[in-house]
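So the chains spell out like this:
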Amino acid sequence: MNVTTPFSRARAGMALFLLPLLSACSAGGTGTAAAPRPTAAQRLDDSKTLKLPLDDYLLTTIDAAALARGRDSLMQRCLAGLGAPYTPKARGNADIETNERRYGLADAELAKEHGYHLPDTDKPAEDYPASVMPLVTGETTTYNGLPVPEGGCAGEAQRELHEVELQAALALPQKLNMESYLKSQKAPAVVKASEAWSTCMKKSGHTYPDPLAAINDKEFSAPAPGAHEKEVALADVLCKQKVNLIGIWSGAESEYQTFLIESNSSVLAEPLRAKQKTMAAAQAATGR
């Protein structure tokens, strides 16, 4: 997740979406302790409310929304102070929850209606109007005889929220987040569950080696989902439920993330502090 874009409000396009909060950032090395031993997986048919151990060190969907509200409040305060008050439209709900599609589509109702596509949301499609954009970006250095903050109101908001420091601090947990996903994907229990999912899909008339191949099928890249895509997506979800793929995969990844956190506890303290500092500033900005 990019935390440096201060005022983007564009509507998310109708597109395939997987791993919404992962980033292939590079960072320092990880611990070298022995990998965790697998335990029995819980039954889990849906990943909408799934929480993984590393979420505490990353910006979740809820965190990102709170940060955006704090940024908006600070920018409104700045614009009002310059004599150019502007109140943006209220933000809509997030497209998906933090881990909702981490292991592919998991909602049967969404599959029936939207296939693998993301549903439209009520997010406003407009940015700050052209009349105040120079003040937002800092292209104008003075206004009404008053100095515009360096980088504009957006830059001032970023500084008050410590967003640049946060982005740098998040590099390591983002790297570990990607590592845990890739490692858990190869865990024996997950491989076995994926094979069982593939067998289930074949019985429904659809041939895919694993769930990622289905959700990333180029046939489903059209602007809107067709009947075949919806059929495949629904079969995908039902087969995941049948073999408990989400429960098995999330269980394996949770154990690996716990192992990574314990192995990197000393270096993860700083990202956690940085996140807490930014979120406290955002909360203070909105008075919540």
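As shown above, the structure is provided for reference.
Residues numbered from 1 in each chain as written. Predicted model: local features only at pLDDT ≥ 70, side-chain atom pairs only at ≥ 80, totals over all residues. Heavy atoms only, no water.

Draft legend 1. Up close: the overall build of the protein. Summing up its helical and strand segments, the protein has eleven helices and two strands in all. Counted from the first residue to the last, the protein has its helices and strands arranged as α-α-α-β-β-α-α-α-α-α-α-α-α. The buried share among the 288 residues of the protein stands at 48%. Sequence separation of 24 or more characterises 84% of the internal contacts of the protein that already satisfy a separation of 6 or more. (Helix = DSSP H or I, 4+ residues; strand = E, 2+ residues; numbered from the N terminus. Buried < 20%, exposed > 50% of the residue type's maximum accessible area, 1.4 Å probe, protein only. Contact = heavy atoms within 4.5 Å.)

Draft legend 2. Spotlight on the environment of Lys275. With respect to the element layout, Lys275 can be found in helix H11 (residues 265-286). Owing to a relative accessible area of 9%, Lys275 belongs among the buried residues under this scheme. Residues Lys275 and Glu163 lie 112 residues apart in sequence; the distance between their C-alpha atoms is 9.1 Å. If we skip the residues at most four places from it in the chain, Lys275 touches Asp55, Asp56, Tyr57, Leu58, Asp63 and Leu166. One polar contact links Lys275 to Asp63, side chain to side chain, over a distance of 2.7 Å. (Polar contact = N/O pair within 3.5 Å; in protein donor to acceptor, adjacent residues only side chain to side chain.)

Draft legend 3. Main features of the packing of helix H7 (residues 188-203) against helix H10 (residues 245-263). Between H7 and H10, whose axes approach to 9 Å, the crossing angle comes to 160 degrees. Our classification of the angle between H7 and H10 gives roughly antiparallel. For the pair H7 and H10, the crossing hand works out as left-handed. Residues Ala189, Val190, Ala193, Ser194 and Trp197 of H7 pack against Leu245, Ile248, Trp249 and Ala252 of H10. (Axes fitted to C-alpha atoms, helices over the stretch in contact; angles between N-to-C directions. Parallel < 35°, antiparallel > 145°, perpendicular 65-115°, else oblique. Left-handed = near helix turned anticlockwise from the far one by under 90°.)

Draft legend 4. A look at helix H6 (residues 171-185). For H6, which comprises 15 residues, the first-to-last C-alpha distance of 21 Å matches the rise-based estimate of 21 Å (1.5 Å per residue) to within 8%. Considered for burial, the residues of H6 that qualify are Ala171, Leu172, Pro173, Gln174, Leu176, Asn177, Glu179, Ser180, Tyr181 and Ser184. On its buried side, H6 packs onto helix H5 (163-169), H7, helix H8 (211-215), H10 and H11. (Expected span 1.5 Å × (residues − 1).)

Draft legend 5. Just the nonpolar core, in detail. Grouped together as the largest cluster of nonpolar side chains are 32 residues, with contacts concentrated most on Tyr103, Tyr116, Trp197, Met201 and Tyr208. Counting only elements with at least two residues in this core, the list comes to helix H2 (108-114), H7, H8, helix H9 (227-243) and H10. Tallying contributions element by element places H9 first for this core, with six residues. Within the second largest apolar cluster, 27 residues are counted, among which are Leu79, Tyr86, Tyr128 and Ala274. (Core = buried A, V, L, I, M, F, W, Y, C linked by side-chain atoms within 4.5 Å.)

Draft legend 6. Unusual backbone geometry, seen in detail. Its identity is not glycine, yet Asn144 carries a phi of approximately 55 degrees, on the positive side. Looking at the secondary structure, you find Asn144 in the loop between strand E1 (142-143) and strand E2 (146-147). For Asn144, a relative accessible area of 55% puts it in the exposed group. In this model, His162 sits at a positive phi of 60 degrees, which is unusual for a non-glycine residue. Looking at where His162 falls in the secondary structure, it is placed in the loop between helix H4 (152-161) and H5. Since its relative accessible area comes to 21%, His162 is described here as partly exposed.

Draft legend 7. The arrangement of the environment of Ser194 in detail. In this fold, Ser194 is placed in helix H7. Distance from Ser194 to Cys239, taken between C-alpha atoms, is 9.7 Å for residues 45 residues apart in sequence. When near neighbours in sequence (up to four residues on either side) are disregarded, Ser194 contacts Pro209, Pro211 and Leu245.

Draft legend 8. Focus on the state of the cysteines. The tally for this structure, following the rule as stated, stands at two disulfides. Two residues share a disulfide in this structure: Cys78 and Cys153, whose sulfurs sit 2.1 Å from each other. Between Cys78 and Cys153, the disulfide has an S-S torsion of -70 degrees and is therefore left-handed. You can see Cys78 sitting in helix H1 (residues 61-81) and its partner Cys153 sitting in helix H4, a full 75 residues away along the chain. Note on cysteine connectivity: Cys200 is disulfide-linked to Cys239, with sulfurs 2.1 Å apart. Given an S-S torsion of about -80 degrees, the disulfide between Cys200 and Cys239 has left-handed geometry. Here Cys200 is found in helix H7, whereas its partner Cys239 is found in helix H9, with 39 residues between them in sequence. Neither residue differs from the other here; Cys200 and Cys239 are each classed as buried. When the bonded cysteines of the protein are counted from the start of the sequence, the pairing works out to 1-2, 3-4. (Disulfide = S-S within 2.5 Å.)

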